[in-house]
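Now for the letters of each chain:
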Amino acid sequence: MSAPLLAARGLSLAFGGVRAADGVDLEVAEGEILAIIGPNGAGKTTFINMVTGYLRPQAGSIRFTGREIAGLPPRRIVRLGIARSFQIPQLFTEHTVLENVALHLAARSGFWAAFGPLLSAERRAEAMALLAGLDLAAVAHARSDQLDEGARKLVDIAMALALRPRLLLMDEPTSGVAAAEKHAIMDRLVAALRREGVTAVFVEHDMEVVARHADRVAVWSQGRILAEGPPAAVLADPVVRREVIGVEGAPC
Amino acid sequence: MRGTLTVGAGVVLLLLLALFQPWLRFVSTIALSTGLAVLGIMLLLRAGQVSFGHALYVAAGAYTVAFLRPYLGEALLLLLAGAAVATGLGLLVGLFVTRYRDIFFGMLNLAFSMVAWSLLEKLYSLTRGTDGIRVVRPSLLGLGLDGPAWDWALFLLALVAALLAGGLVARYLGSPAGSALGAIKTRETRLEFAGISARRVLLQAYLASAALAGVGGAITALATLHVTPLLAYWTHSGELVFVAILGGTGHVLGPFLGAVVFELVRVHAAAAFPDAWQMILGFVLLVIILSAARGLAGLLDDLARRLGGRG
């Protein structure tokens, strides 16, 4: 079997007495879409924060394409090909949606060309294509603080995709999105990921979304991986049902 | 194109004022050089950062002219030297202050400018203290001008510098790094997650602002032919911020519009109410902030939209 794209080994981080990660081993294979589920406060977001350099693990290693990245600053990690989206959308609220995406396209090349326009014909076309792929073309020229929560969430993901990452980490991509739209949005998103050949990890609370869109599921509970495997098997596991789905209430 | 038209109208208006009201030539030259410095303040305001110390770079440009004048006779070279020294100083200070944001950024800039001010005041043997240094009028493009010819030449120099700077800054603001200034204001951490150093974005703008203030200071020194430590005093820094808000930060025209109105109000108010002109300036700013948050440039934009929108 080929080496995993991302491999975390013995990853540990505690906040005071709370162990968000307690010796976690987790691998992500190139091209797969992995869902991480688990009760609130289990450490799922902490995992994303550690992989993207926002938090430094207290112990353990994170290898991306075989290279150690634990403790590198976010900027360096992004340039290696890891992008993320946020549970609460982090948009440039004075800019239009198009500009938000174009700034991320520019981040890859031409950012410091002091007198070249941000919205060059090329960049504008690339940004519009990306937005169209997520069905956001209609709001391209709206200021990003005027969108509803679902659209903001997608714009946040479009920004991360504009960095053309090899690995995309998404923190609850469908929370805050109207229930009726969740699957449509995830369909488009997953199609875009497969089209671009992007490997993805997403934190999710909606078990239907997980069952339908993930290739594999890891269950994160009290800083440990409780179970991992294909969605059908994991979601049927009685321990998982009791610890994660049952105790934490119905899928939301 | 509306922008180009407005700029053209502004240039013609200034030229007419300078032609028919000779004393306004000097006021316009000073207004344009103030506008240049305020253009730099505007860049920082785009990033949500207020510097209360940019008079430091105005003074750097002006004192460079005064110090070098005995060795250099050409105004253009003095101007370039002023810009270069201000930019160099901007790099030294900027590497430090761009680590900070908001009140810390503002106060650190203030601190540096006050250190410079006290040095200019105390190092009498070098700077002549509060007496300041007289600048012997240099030649311009090799021409030894004086009287109205010099006033005209300097006014035109200031105008060309303002047009050039305004054009470059407009291009810069439309570029990725210029556009990212607004991102520093709204969501700086996201820039880092895009792989962009927010500090480098801000430092670039800071260097540009120091250079612009340096050019403004050099032109001021050439116009007044006398430099004093007051150029670096905090009230002068405050004045630059005042003019930036008066003019508005939405368009590169704002700083110049603000500077012209500021100088005219100052001149007229000082003549009519010698004891209360600052109060009048305060009222003008109050009215602008309360009624037109986007400044004079915003007012002008709304007006142009209303006139041209339907036609």
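I will try to describe carefully the structure that is included in this document.

The rules behind the values
- Residues numbered from 1 in each chain as written.
- Chains lettered and ligands numbered in written order.
- Predicted model: local features only at pLDDT ≥ 70, side-chain atom pairs only at ≥ 80, totals over all residues.
- Heavy atoms only, no water.
- Pairing = 2+ DSSP bridges.
- Helix = DSSP H or I, 4+ residues; strand = E, 2+ residues; numbered from the N terminus.
- Axes fitted to C-alpha atoms, helices over the stretch in contact; angles between N-to-C directions.
- Contact = heavy atoms within 4.5 Å.
- Buried < 20%, exposed > 50% of the residue type's maximum accessible area, 1.4 Å probe, protein only.
- Polar contact = N/O pair within 3.5 Å; in protein donor to acceptor, adjacent residues only side chain to side chain.
- Buried area = accessible area lost by both parts, 1.4 Å probe.
- Salt bridge = Lys/Arg side-chain N within 4 Å of Asp/Glu carboxyl O.
- Nonpolar A, V, L, I, M, F, W, Y, C, P; charged D, E, K, R; others polar.
- Core = buried A, V, L, I, M, F, W, Y, C linked by side-chain atoms within 4.5 Å.
- Phe/Tyr/Trp six-rings, centres within 6.5 Å; stacked < 30°, edge-to-face > 60°.
- Lys NZ or Arg CZ within 6 Å of the ring centre and 35° of its normal.

## Some thoughts on the sheet that holds strand 10 (residues 224–229) of chain A
Residue and element names in this part refer to chain A.
Thought 1: Pairing in this open sheet of six strands is mixed, and the strands run 6-7-8-3-9-10 from one edge to the other. Two strands lie at the open edges of the sheet, namely strand 6 (82–85) and strand 10, each paired on one side alone. Taken over all neighbouring pairs, the strand axes of this sheet differ in orientation by 20 degrees on average, direction set aside.
Thought 2: Alignment of strand 3 (residues 33–37) against strand 9 (residues 216–221), held across four bridges, turns out to be parallel. What sits directly across from Ala35, in strand 9, is Val217.
Thought 3: This element, helix 1 (residues 44–51), spans strand 3, strand 6, strand 7 (167–171), strand 8 (199–203) and strand 9 of the sheet and lies at about 145 degrees to strand 7.

## Things to note about the environment of Lys185 of chain B
Thought 1: Secondary-structure assignment places Lys185 of chain B in helix 8 (residues 176–193).
Thought 2: Relative accessible area serves as the criterion here: at 44%, Lys185 of chain B is assigned to the partly exposed category.
Thought 3: With 110 residues separating them in the primary sequence, Lys185 of chain B and Ala75 of chain B have C-alpha atoms 38 Å apart.
Thought 4: At a separation of 2.9 Å, a polar atom in the side chain of Lys185 of chain B contacts the side chain of Glu94 of chain A.

## Things to note about the interface of chain B and chain A
Thought 1: The interface is formed by 26 residues belonging to chain B together with 33 residues belonging to chain A.
Thought 2: Carbon and sulfur atoms supply 62% of the area buried between chain B and chain A, which totals about 2,600 Å² over both sides.
Thought 3: Looking only at chain B, the three residues that lose the most surface to chain A are Pro176, Arg190 and Phe193 of chain B, adding up to 32% of its buried area.
Thought 4: Where chain B packs against chain A, one counts three salt bridges.
Thought 5: Among the salt bridges present, the one from Glu192 of chain B reaches Arg75 of chain A, with a minimum N-O distance of 2.8 Å.
Thought 6: Summed over the shared surface of chain B and chain A, the number is nine residue pairs in polar contact (both at pLDDT 80 or more).
Thought 7: Elements supplying a minimum of two residues to the side of chain B that touches chain A: helix 7 (147–173), helix 8 and helix 9 (198–224) of chain B.
Thought 8: Taken together, the residues of the side of chain B that touches chain A sort by class into 11 nonpolar, nine polar and six charged.

## Points about the nonpolar core
Thought 1: In this structure, Leu134 and Leu168 of chain A are the most contacted members of the largest nonpolar core, which totals 152 residues.
Thought 2: Tallying contributions element by element places helix 9 of chain B first for this core, with 14 residues.
Thought 3: In contact with Leu168 of chain A, not counting residues within four places along its chain, are Ala83, Arg84, Ile157, Ala160, Leu161, Leu193, Val198, Thr199, Ala200 and Val201 of chain A.
Thought 4: Counting residues in each nonpolar core, the second largest holds 28 residues, with Phe47, Met50, Ile69 and Ile82 of chain A among its members.

## With respect to unusual backbone geometry
Thought 1: In this structure, Arg164 of chain A is a non-glycine residue whose phi angle is positive, near 50 degrees.
Thought 2: Relative to the helices and strands, Arg164 of chain A is located in the loop between helix 5 (149–162) and strand 7.
Thought 3: Positive phi, close to 55 degrees, is recorded for Leu225 of chain B, a residue that is not glycine.

## A word on the packing of aromatic side chains
Thought 1: Enumeration over the complete set of coordinates arrives at 13 aromatic pairs over all chains.
Thought 2: Between the aromatic rings of Trp152 of chain B and Phe155 of chain B, the centroid separation amounts to 5.9 Å while the plane-to-plane angle is 70 degrees, which identifies the pairing as edge-to-face. Here Trp152 of chain B and its partner Phe155 of chain B are both found in helix 7, three residues apart, which amounts to about one turn of the helix.
Thought 3: Given the relative accessible area of 0%, Phe155 of chain B is considered buried.
Thought 4: Centroid distance Tyr233 of chain B to Trp234 of chain B: 6.1 Å. Interplanar angle 50 degrees. Geometry classified as tilted.
Thought 5: Residue Trp234 of chain B is classed as partly exposed on the basis of its relative accessible area of 44%.
Thought 6: Linked through ring pairs, Tyr54 and Phe86 of chain A together with Phe193 of chain B together constitute an aromatic cluster.
Thought 7: One Lys or Arg, Arg200 of chain B, reaches over the ring of Trp112 of chain A and ends 4.0 Å from the middle of that ring.

Read these as layout, nothing more, since geometry by itself doesn't imply function.
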